[in-house]
Structure formats: C-alpha cells, structure tokens
Amino acid sequence: VFLKDQGYSNFSIKLALVSFKWIHSFFPGRATKKLEDKFLDRLIASADRTMDSKKAQKSPVSKEMIAKMVILGTNPLLADIRDSLMAALSYSLLLRNDELRHLSCKHLVLNDVGLTVNIVSSKTDVIRKGKKLFLARQDSKNSVVSLVERYLNVGSLKPGYNSFLFGNVVKCNCKDVIDGSKPLTYNQCRDILLAKIENVGCSSKAFGTHSFRSRGASSLAPKVSPFELQLSGRWADARSLRNYV
C-alpha cells in the first residue's frame with residue numbers, strides 16, 4: 001500500500017510481493033498464509049488498472065523528413081530504393097514492424113488506379129480475416145506507388161510472386177536482386193528505418209519504428225472519422241489510437 005501511495009510502478013509492487021514470498025519460502029509455516037490473502041491480489045489488480053508503467057514515448061517523424069527519405073538520386077542502389085520504400089510504406093499504410101517485413105509480393109495488386117496491399121496477419125487481427133489497404137496512384141515521380149514500381153523493377157520482383165517484398169540484397173548474374181525467400185529480421189527492419197532518420201540529418205535516439213506509424217496516423221486524423229482511422233491502422237481499441245495521434 002505504501003508503494004502504491006508513493007506512485008511506484010505496478011511492476012515494483014508485484015516485485016515487492018514476490019520478494020516477500022521468496023523470503024518466507026525459507027521459513028515454512030511462518031506467516032505464509034498472510035501472503036496468500038486475497039487482499040494482496042486485489043491490490044495488485046488495482047495497481048494494474050490505475051498505474052501507468054513508465055515508458056519513454058518516441059517522437060513521430062515529420063512530414064519534411066518523410067519527403068526527404070523518398071527522394072532518390074539519379075542511379076540509386078537497390079538497397080537505397082528498398083530502404084526508402086520501407087519508410088514510405090510504414091508512414092502511408094500505418095504499418096507495424098512485423099507487418100512491414102512480412103509483406104509478400106503475392107499480396108500486392110498494382111493497376112492504373114493504384115496499389116492494393118493485403119495485410120494477412122496483424123497482432124490485433126485475432127480471427128485472421130486480414131485487411132486490404134489502398135494507395136491511390138499520383139502524378140508525382142516521388143509518389144509511393146511510383147516508388148513501389150521502381151523497386152519491383154530493379155529488384156526483379158513482380159506482384160503475385162510467392163516472395164517476401166523486403167529481403168536482403170544479393171548478387172545474381174552480376175546484378176543486385178532481392179532475396180525474397182525469407183523476410184528481414186526485426187532488428188534489420190528497425191536499423192534500416194533508424195538509418196533513414198540519421199540520413200536526413202536527425203538523431204535517431206528520439207525515434208523508433210512506430211515513429212512512422214505515429215506520424216502517418218496524425219496526418220490522417222483530421223481527414224477521416226476516428227472509426228475510419230482505427231480501422232485503417234488496425235487498432236483494436238480506440239484508447240491505443242490516442243497514444244499515436
């Protein structure tokens with residue numbers, strides 16, 4: 001009760017109780033019943049409901065940073081195109097790290113109207129129905145759809161292929177191609193996105209992989225209803241959405 005009143009985290013309160021139980025395990029029969037009292041369980045449950053665990057909130061990237069990330073030189077390397085596209089899709093489709101790196105070419109549809117992406121697995125999609133997301137085609141050569149087409153062409157990938165969209169760059173017949181047999185790891189994906197932040201002249205310490213998702217949601221929020229935004233970002237609870245916008 002003292003720890004709770006002093007504003008300690010719920011983890012500290014749980015740790016204190018576990019420590020008491022551990023100490024009393026060395027003295028069988030002495031005061032152990034008091035530590036099994038239901039009041040203590042209710043105290044823990046109350047701490048879980050009312051006390052926030054202290055997490056460092058990451059900053060969202062800015063629109064200006066995103067714009068710089070998608071601009072490529074005259075003859076960019078395949079790795080540069082891949083990294084720029086990963087940043088662009090994370091922002092425009094509100095993608096989580098796992099969703100981004102598990103995108104498959106067979107779940108892409110490109111046509112004259114734009115790009116359709118099928119997210120087949122998401123941590124909030126408990127019944128695995130999937131979610132189709134759409135990006136309209138734009139005239140700008142730096143649009144996300146144009147960047148997708150350029151990446152597929154240079155990386156020797158095609159929509160409909162049974163291949164991961166983002167993989168390691170390998171040599172094939174003296175040409176750089178994407179190895180789509182396995183996805184990038186979580187750390188590889190994170191390092192690529194943080195490196196893009198560093199490349200536009202910002203320190204990556206204040207940012208994380210969700211910084212792109214956060215900025216995308218914040219940019220979209222004034223233009224759609226809260227329900228549409230929650231549906232597009234695949235948030236199960238509106239309270240989670242408030243941490244992003």
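Structure: see above.
Being a predicted model, the structure only gives us computed values, none of them experimental.

**Student:** What am I meant to see in the environment of A87 here?
**Tutor:** For A87, the location among the structural elements is in helix α5 (residues 78-92). Here A87 falls in the buried class, since its relative accessible area comes to 1%. When near neighbours in sequence (up to four residues on either side) are disregarded, A87 contacts I66, M69, L193 and F212.

**Student:** Explanation requested: the pairing of strand β2 (residues 114-119) in the structure shown.
**Tutor:** Where a strand is regular, its side chains alternate between the two sheet faces. As paired strands, strand β1 (residues 108-110) and β2 are joined by 3 bridges and run antiparallel to one another. In the sheet register, L108 faces β2, and the bridge partner there is V117. In textbook terms, the turn of a hairpin is the stretch between consecutive antiparallel strands, and for β1 and β2 this stretch comprises 3 residues. When β2 meets strand β3 (residues 131-136), the two strands line up antiparallel, connected through 6 bridges. Bridge pairing in β3 links V117 to L133.

**Student:** Explanation requested: the packing of aromatic side chains in the structure shown.
**Tutor:** Here a ring pair, both rings aromatic, is described through the centre-centre distance and the interplanar angle of the planes. Under the defined criterion, the tally for this structure stands at 3 aromatic pairs. Residues Y151 and F166 carry aromatic rings whose centres are separated by 5.6 Å and whose planes lie at 40° to one another, so their mutual orientation is tilted. Separated by 15 residues along the polypeptide, Y151 in helix α7 (residues 144-154) and F166 in the loop between α7 and β4 (168-172) bring together distant segments of the chain. The pair Y151 / F166 is uniform in exposure class, with both members buried. Both rings, one in W235 and one in Y244, keep their centres 5.2 Å apart while their planes meet at 55°; by these two values the pair is tilted. Residue placement shows R213 over the ring face of W235; its charged tip is 4.1 Å from the ring centre. The ring of Y244 is capped by R213, whose NZ or CZ atom sits 5.3 Å from the centre of that ring.

**Student:** Just to check I follow, could you spell out the side chain of N97 for this structure?
**Tutor:** Looking at the element boundaries, N97 is found in helix α6 (residues 97-101). Look past the residues within four positions of N97 in its chain and what remains in contact with it is Y186, C189, R190 and T209.

**Student:** It is not clear to me how unusual backbone geometry should be interpreted in this structure. Could you clarify?
**Tutor:** Most peptide bonds are trans, and most residues other than glycine sit at a negative phi. Even without being a glycine, S156 presents a positive backbone phi close to 55°. With respect to the helices and strands, S156 occurs in the loop between α7 and β4. You can call S156 partly exposed: its relative accessible area is 40%. Although it is not a glycine, N173 sits at a positive phi angle of roughly 55°. Residue position: N173 is located in the loop between β4 and β5 (175-179). Judged by relative accessible area, which is 74%, N173 ranks as exposed.

Rules behind the numbers
Residues numbered from 1 in each chain as written. Predicted model: local features only at pLDDT ≥ 70, side-chain atom pairs only at ≥ 80, totals over all residues. Heavy atoms only, no water. Helix = DSSP H or I, 4+ residues; strand = E, 2+ residues; numbered from the N terminus. Buried < 20%, exposed > 50% of the residue type's maximum accessible area, 1.4 Å probe, protein only. Contact = heavy atoms within 4.5 Å. Pairing = 2+ DSSP bridges. Phe/Tyr/Trp six-rings, centres within 6.5 Å; stacked < 30°, edge-to-face > 60°. Lys NZ or Arg CZ within 6 Å of the ring centre and 35° of its normal.

On their own, these measurements won't tell you what the molecule is for.
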